[in-house]
Amino acid sequence: ELERNMVRVETVALSKGLPPEVITVLLDLALSLNAGTANCTRVLKFLIPATVVPQEAIVKGVSWLCVGKMPMNAQVRAANYYFFFQCPFICHLLYLLTMREHVHPYRVRKLLDIQAKMGRQPFLTQLLALYKVFRPDLVTLSLPSRVRTGFKNHNSTWKVALSAVQRKNKGAVLVDQSLSLDVKEKPSSRKRKLHHLAIPPLTSAFDSNSSKKVLRLQELRSFKELLENIHNIELPAQMGSLLGSALALHYLDCVQDESAFLRLNFWLGHSLQEEFLLCPVDGSSDNTSEACRFLSTILFSQQFLQEGFSSTESFLYKFLSVWDGCLLRPQILDLLSDIPLMPSFCEYMHKLLFEPLKQLYFTSTVFFKVCMLFFVFLSVCLTMTLSGFMDSVMELVRFVGLLASEGLRLESCHVLLLNQTLAFYETVCDMFLKFSLPLIIMPPAGVFYPALFATDSVSVDRLGYIMYRYRKNLTLAKKQEQQREQTFHISRNTYKEFNRNLQAMVNSMWNSWWCVPGSEIEIDKDLIALSKVAEPWCRFDLIHHPALFSYAIEFHQRTGKYWNWYMEFLFNQGFYGLNNFIQTNTGHGSTLNSQEDGQPKSQP
């Protein structure tokens, strides 16, 4: 009979939740152990409130915990903490509450004694690390420089069940809360019970009555006040509130308090984990807009501080494995571009970043492909500007080359994707001259030839500019190598690759012979004959190229057939990239080259 009733109550709890008075009765039954230890744990697992947990139940629960009658696992299940220092939950609570003035020798000694008995537990190490940040003179123990969070998300199954019930009973919860509160200043600030994506307001951690002059961050009104009281400012109770205040971010940037960053990263990591991984945004307009504002605030804070939060970086690596590429795309891509690509990260870059992005890239629309290329473009610019780490830059550029080549093949050389790719290589081609990086990386064949044979004139002109700048960079690098000893050396393969591309482009556009025997684009003569195209060898020169043919027709209708006049006409249409390329590699440009008799030369 007991089992039958347990199953019945459990079914109701998991489907609809339990009313407040039933929560009180069942909690008292479980913690008293009148139904046995096994049933005690089972009851605690399905204590899922339909609306709210009454105050009476909390008081009784704490009372039973103080009795010490229950087994340890039941105590943890009941309230997520117990009054023994060994418990990870109480360490977690202390971690959130501890401030510099709370760290005393006797507390450090007690914590070290417990660690000596229990061994190096993650939650103890995390709390010791915080103590060492505040008082390094008291904690002489060697600790890892970057301690991973030691506070795990316990009872995740129970939390998921609770979340499901609360979503079903959303209306009842809101009605109950509205009846129990006399004053509601901002009724729309919390629309969900479990999701708290709003940045908390600045509030003091403690009401200190000490003689020491303490100024709370929320009392500051100007940057001048901040500077005058920089050493007497008290950190807020909720570290997340720093993200909503420009003055608070100024303070964080000025004092460089490691404990403040530690607490802020913990709060931020917990919020991102709970809201986006354990309880993902469901896609409704309210939830999406709230999440968008939250991530935008994080982006603003990171850009203000000019560095990313480690908790945001850790979250992104996990989120990429479940991201559909659509939800909050601008914010996620912007956050990804803030990841610092340090040399030590190169060995993990493929697994944590490149592989998830490749899966999304190859299965998404052309618009997403363009957005992703733009994101990597920003990452490359940031890495070159701020760090200059050559290995990271090289990996990123090669990654873009792979994505662009396959993307252009999959999307049939879509003009938008091609132009975004060429915009990226307009920066890459100048890495040596503009960023002083001893690195020159040529675009792969899957990018070069689609641009060379593109049907839009903008892509062909941009390719001309890119090849012109590559020549400038390589010429200067070669000159510096010959003049003095260098600590770097441009690979011979790079010169060979550039010369091969240069030959293909000059042969196609100037020499009217795009299919050179022995080149990468050599095509069998019999196959060309099957196309029945007249004079196929000149179909990609400056006159017959599909991207320029309309200009040749317009010139012919207006003027005539003089070659130099056509070049002047063509380059005056704004094709500065092609003009520089032709002038540098053939000696001809947009200026009229007259013969001795003053007449322009006709095309040979």
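Residues numbered from 1 in each chain as written. Predicted model: local features only at pLDDT ≥ 70, side-chain atom pairs only at ≥ 80, totals over all residues. Heavy atoms only, no water.

Chemist: Teacher, can you tell me more about the packing of aromatic side chains here?
Modeler: Aromatic ring pairs are described here by two measures, namely the spacing of the ring centres and the angle between the planes. This structure, assessed with the given rule, holds 19 aromatic pairs. Geometrically, the ring pair formed by Phe377 and Phe424 is edge-to-face, given 6.4 Å between the ring centres and 75 degrees between the ring planes. In this pair, Phe377 is assigned in helix α18 (residues 366–387) and Phe424 in helix α20 (residues 415–428), connecting sequence segments 47 residues apart. Look at Phe424 and you get buried, because its relative accessible area is 1%. Here the aromatic rings of Phe555 and Phe569 are separated by 5.6 Å at their centres, their planes lie at 40 degrees, and the arrangement is tilted. Here Phe555 is found in helix α26 (residues 549–558), whereas its partner Phe569 is found in helix α27 (residues 563–571), with 14 residues between them in sequence. By the burial criterion, Phe555 is buried, and Phe569 matches it. Each member of the aromatic cluster is reached from another via a ring pair, and the members are Phe276, Phe315, Phe319, Trp323 and Phe368. (Phe/Tyr/Trp six-rings, centres within 6.5 Å; stacked < 30°, edge-to-face > 60°. Helix = DSSP H or I, 4+ residues; strand = E, 2+ residues; numbered from the N terminus. Buried < 20%, exposed > 50% of the residue type's maximum accessible area, 1.4 Å probe, protein only.)

Chemist: Would you mind going over the packing of helix α23 (residues 457–483) against helix α24 (residues 492–509) with me for this structure?
Modeler: Two packed helices can be described by the angle between their axes and the distance between those axes. Where α23 contacts α24, the axes come no closer than 11 Å and their chain directions differ by 140 degrees. Here α23 lies oblique to α24, going by the angle between them. Every pair of crossing elements has a handedness; the one defined by α23 and α24 is left-handed. From α23, Val460, Leu463, Gly464, Met467, Tyr470, Arg471, Leu474, Ala477, Lys478 and Glu481 reach across to α24, where they touch Thr494, Tyr495, Phe498, Asn501, Leu502, Met505 and Met509. Of the residues in the contact of α23 with α24, the class split is 11 nonpolar, 3 polar and 3 charged. (Axes fitted to C-alpha atoms, helices over the stretch in contact; angles between N-to-C directions. Parallel < 35°, antiparallel > 145°, perpendicular 65-115°, else oblique. Left-handed = near helix turned anticlockwise from the far one by under 90°. Contact = heavy atoms within 4.5 Å. Nonpolar A, V, L, I, M, F, W, Y, C, P; charged D, E, K, R; others polar.)

Chemist: So what exactly am I meant to see when it comes to unusual backbone geometry here?
Modeler: Excluding glycine, most residues fall at negative phi; most peptide bonds, likewise, are trans. At Leu328, a residue that is not glycine, the phi angle is positive and equals roughly 50 degrees. Positive phi, close to 55 degrees, is recorded for Ser436, a residue that is not glycine.

Chemist: I'm lost on the pattern of salt bridges in this one. Help?
Modeler: Once their charged atoms are close, side chains differing in charge can pair, the charge on each being opposite to the other. According to the stated counting rule, one finds 9 salt bridges in the structure shown. The closest approach of N and O atoms between Arg42 and Glu10, which form a salt bridge, is 3.3 Å. Remark: Glu10 occurs in helix α1 (residues 2–15) and Arg42 occurs in helix α3 (residues 37–45); sequence separation between them is 32 residues. On the accessibility criterion, Glu10 (25% relative accessible area) is partly exposed. Close ionic contact of Arg409 with Glu406 constitutes a salt bridge, the shortest N to O distance being 2.6 Å. Highlighted residues: Arg409 and Glu406, both in helix α19 (residues 390–410), separated by 3 residues, approximately one helical turn. Glu406 sits in the partly exposed class, given a relative accessible area of 27%. (Salt bridge = Lys/Arg side-chain N within 4 Å of Asp/Glu carboxyl O.)

Chemist: Would you explain the nonpolar core in this entry?
Modeler: Across soluble globular proteins, you tend to see nonpolar side chains buried next to one another. Counting residues in each nonpolar core, the largest one holds 120 residues, and the members touching the most others are Leu336 and Tyr566. Considering each element in turn, this core owes the most residues, 11 residues, to α18. In this structure, Leu336 is in contact with Leu316, Leu320, Leu353, Leu357, Phe375 and Ser379, ignoring residues within four places of it in sequence. (Core = buried A, V, L, I, M, F, W, Y, C linked by side-chain atoms within 4.5 Å.)

Chemist: What's the story with a nonpolar patch on the surface in this structure? I'm lost.
Modeler: Taken together, the side chains of Leu93, Leu96 and Leu97 define a hydrophobic patch exposed on the protein surface, amounting to about 250 Å² of accessible area. Position of Leu93 relative to the elements: it lies in helix α6 (residues 88–97). The partly exposed category is assigned to Leu93, whose relative accessible area is 40%. (Patch = residues over 30% accessible without salt bridge, like charges linked within 9 Å, V, L, I, M, F, W, Y side chains within 5 Å. Areas by Shrake-Rupley, 256 points an atom, 1.4 Å probe, with all protein chains shown as cover.)

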